[in-house]
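Spelled out from the first residue to the last, the chains are:
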Amino acid sequence: MLHKIHIPVMGICYTVDSPIRVAPFGMTSVISLVDDGLLEEYRMAYAEREGIDVGAPEHERVGRIRAYLDFVADEIERRFAALQGLRIHGGLAPQFATGSAEGPNDKDRYFLMLPADSPLRKEYEQVCSKQGMARIGAEVELTSKMEMGEIQANIMVNLNHMDAALDAVHGFALSKIRGSLVLSAGINLGVFEEIARHECFYRRANASGEQSTAPSKKIILKVSDYRSALTQGRYLAKKGLEVSEYRIESGVNCGGHAFCTAKKLLPDVLKEFVANKQELFDMTRSAIEKFAKSVPPSAPARITAQGGICTAEEVEQILALGADGVGVGTPFLLVPQATSSDRDTRRRLAAATLDDVQLTHASPLGIPFMNLLTSTAAELCREKADREPGFPCKQHYLCREIPGFDHPICMASREYVRHRLAEIDSMESSGSYTHEEAQRLRRETLERECICRFLGNAGREELRERNPSLHFDNREVAAARTGAPLAREPVTVCPGPNIAYFNREYTLLEMMQHLYGTGPQLTPADKPHAFDLEREILGKIKSV
């Protein structure tokens with residue numbers, strides 16, 4: 001990979017089209033496959049905006065996922081080819097450094113966003129110093145070395161109501177992309193079995209027998225502890241499947257769900273992985289050879305880390321600990337060139353303070369959830385707590401078996417919330433709960449947001465802003481075409497705490513140069529180090 005930094009999955013919509021936005025610049029990012037309906041909305045919106053005929057909308061989950069990923073792959077190739085076709089402006093005009101019309105174009109930015117030690121960036125700087133035919137020849141040579149970023153797709157493996165996770169694997173496997181499937185949020189052996197059904201995830205021997213061909217679709221495990229990684233890696237290896245990357249995430253200093261059961265700091269977990277990198281490799285090779293009798297990998301899996309990292313110093317420290325790459329998410333929520341969000345949500349993010357971003361009970365999964373307390377969804381929960389708690393359950397992604405119900409149910413649904421509040425009242429009346437315990441449980445129950453819808457609404461609102469004629473609700477389509485105002489949908493947004501140190505929108509070039517230390521620093525000088533902030537958050541959790 002050209003870059004040391006990738007953009008991890010964020011929410012449902014925030015990185016849903018990030019590959020289209022950043023892969024032409026050589027950057028890797030991750031799409032969420034949770035909401036296939038949202039994927040289809042984006043596909044149709046892009047088609048309308050770009051004047052592309054993609055045929056009729058898809059109506060089945062597998063077909064929607066495959067169609068969207070295929071569209072993303074085609075759109076990236078189109079944009080990358082256009083970028084390659086540009087001439088390099090660097091060194092041609094005195095206005096170049098100012099970013100004026102004669103200054104850097106997208107092709108220049110492609111190279112200017114690379115780290116200072118990148119061979120490609122150094123070659124670009126040499127091209128900028130040349131003139132005449134020598135420059136033209138050097139440009140052609142440099143252009144031939146440009147690469148697109150990888151398309152990656154994330155599945156929360158335990159969100160498998162009505163086989164949603166299995167269908168996501170199937171749709172990904174059928175798509176034309178050559179990329180990676182990121183498995184997160186636990187272990188689901190059914191998902192592993194579904195992956196094993198598809199040839200595209202297997203390494204193949206070449207005719208000579210001396211080398212092998214890497215899988216066209218790779219597997220990445222997102223984990224927060226070494227033991228879990230070893231267990232999952234061994235199970236997959238017995239199926240003949242290799243893990244191409246172990247993606248370590250901070251259990252607490254991150255946006256969204258905080259899987260903090262291990263209660264270890266990110267540097268400590270990363271050191272354990274680096275120390276045992278060879279063990280993971282040897283285990284994978286031996287298990288594949290012994291149980292699957294297929295082709296084992298020829299090199300160890302990559303190890304990357306993410307969670308709270310947002311400065312050049314922090315990126316370098318993670319790399320110095322032995323990581324092969326670094327994931328940076330939250331700061332890109334304020335980069336419209338990289339992520340999807342409506343203007344109001346970005347305004348709220350830019351204004352956020354540390355007090356506005358807290359671990360909450362907003363997730364119906366019952367897992368601590370880092371959430372923006374000033375979002376429209378959080379405001380709605382507080383406003384309707386006394387009159388109409390809970391939400392109508394329309395998408396059912398988070399429905400699961402819960403004692404007391406004869407059907408799968410979501411803990412943010414109106415049905416569940418009413419049942420739970422009545423149960424708490426009864427337990428308090430009987431003396432099973434003290435008044436303080438009952439009040440705490442009521443607050444937790446009323447705090448839950450309909451995240452399977454609301455985590456996608458910032459993207460839907462952006463589609464309305466950019467494609468007001470396109471929406472699947474016929475009444476809203478009619479309203480948009482007549483100019484009548486549309487009611488905004490509640491938006492959940494789940495940044496990490498480090499959003500407090502960014503206070504405006506940024507260009508992609510600004511953010512990448514900040515993170516690589518090749519441009520102005522965007523965070524204040526007194527910002528706490530990510531590791532210190534993680535230690536502080538973990539201390540609060542342990543004291544509860």
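Please read these numbers as outputs of a predicted model, since none were measured by experiment.

What counts, and at which threshold
- Residues numbered from 1 in each chain as written.
- Predicted model: local features only at pLDDT ≥ 70, side-chain atom pairs only at ≥ 80, totals over all residues.
- Heavy atoms only, no water.
- Helix = DSSP H or I, 4+ residues; strand = E, 2+ residues; numbered from the N terminus.
- Rg over C-alpha atoms; globule rule 2.2 N^0.38 Å.
- Buried < 20%, exposed > 50% of the residue type's maximum accessible area, 1.4 Å probe, protein only.
- Contact = heavy atoms within 4.5 Å.
- Patch = residues over 30% accessible without salt bridge, like charges linked within 9 Å, V, L, I, M, F, W, Y side chains within 5 Å.
- Areas by Shrake-Rupley, 256 points an atom, 1.4 Å probe, with all protein chains shown as cover.
- Salt bridge = Lys/Arg side-chain N within 4 Å of Asp/Glu carboxyl O.
- Pairing = 2+ DSSP bridges.
- Arc of directions from axis to C-beta.
- Axes fitted to C-alpha atoms, helices over the stretch in contact; angles between N-to-C directions.
- 1 Å grid on protein atoms, 1.4 Å probe; cavity = no way out; pocket = protein on both sides within 12 Å on 5 of 7 lines; lining within 4 Å.
- Points joined across faces, edges and corners; volume = space filled by probe spheres on them.
- Nonpolar A, V, L, I, M, F, W, Y, C, P; charged D, E, K, R; others polar.

Here's the deal with the overall build of the protein
In step 1: Across its full length, the protein holds 21 helices and 13 strands.
In step 2: Relative to the compact-globule value of 24 Å for 544 residues, the protein shows a C-alpha radius of gyration of 24 Å, a close match.
In step 3: Here the C-alpha coordinates of the protein stretch approximately 85 × 65 × 55 Å along the principal axes.
In step 4: The proportion of buried residues among the 544 residues of the protein is 57%.
In step 5: In the protein, the share of contacts with a sequence separation of at least 24, taken over all contacts with a separation of at least 6, comes to 70%.

Thoughts on a nonpolar patch on the surface
In step 1: On the surface, Met133, Ile136 and Val140 cluster together to form a nonpolar patch covering roughly 320 Å² of accessible area.
In step 2: Within the element layout of this structure, Val140 appears in helix H6 (residues 132–143).
In step 3: Taking relative accessible area as the criterion, Val140 reaches 56% and is therefore assigned exposed.

Quick look at the sheet that holds strand S13 (residues 369–372)
In step 1: Across the sheet, which stays open at both edges, the 3 strands sit in the order S9-S13-S12 with antiparallel pairing between neighbours. Of all the strands in the sheet, the pair left with one neighbour each is strand S9 (256–257) and strand S12 (357–360).
In step 2: Strand direction decides the pairing type here: S12 and S13, joined by 4 bridges, are antiparallel. Its bridge partner being in S13, Val357 is matched across the sheet by Leu372.

Quick word on the pattern of salt bridges
In step 1: Summed over the entire model, instances satisfying the criterion amount to 54 salt bridges.
In step 2: Among the ionic pairs, Arg460 bridges to Glu41, the shortest N-O distance being 3.3 Å. In this pair, Arg460 sits in helix H18 (residues 457–466) while Glu41 sits in helix H2 (residues 36–50), placing the two residues 419 residues apart along the sequence.
In step 3: Using a relative accessible area of 1% as the deciding quantity, one classes Arg460 as buried.
In step 4: Taking the shortest distance from any N to any O, the salt bridge between Arg61 and Asp167 comes out at 2.7 Å. In this pair, Arg61 is assigned in helix H3 (residues 61–84) and Asp167 in helix H7 (residues 164–174), connecting sequence segments 106 residues apart.
In step 5: A cluster of three or more residues bridged by salt bridges with shared partners is formed by Asp342, Asp344, Arg347, Arg348, Glu379, Arg453, Glu461, Arg464, Arg488 and Glu489.

Comments concerning helix H10 (residues 266–275)
In step 1: Looking only at H10, the buried set comprises Leu266, Pro267, Val269, Leu270 and Phe273. The buried residues of H10 all sit within an arc of 160° when viewed along its axis, so they share a single face.

Some remarks on the sheet that holds strand S11 (residues 325–327)
The strands that make up a sheet pair up through hydrogen bonds in the backbone, lying either parallel or antiparallel.
In step 1: Sheet architecture is closed into a barrel: 8 strands sit in the order S1-S2-S3-S4-S7-S8-S10-S11, paired in parallel fashion. With strand direction ignored, the average angle separating the axes of adjacent strands in the sheet is 25°.
In step 2: Strand direction decides the pairing type here: strand S8 (residues 245–249) and strand S10 (residues 302–306), joined by 5 bridges, are parallel. Bridge pairing in S10 places Arg247 opposite Thr304.

Some details on empty space enclosed by the protein
In step 1: Under the counting rule described, the total for this entry stands at 4 cavities of 30 Å³ or more.
In step 2: What lines the largest cavity is a set of 13 residues, and nearest its centre among them are Leu33, Val34, Leu159, Ala164 and Ala165.
In step 3: When residues of the lining of the largest cavity are traced back to their parent elements, those giving at least two are H3, strand S3 (151–156) and H7.
In step 4: Considered class by class, the residues forming the lining of the largest cavity number 10 nonpolar, 1 polar and 2 charged.

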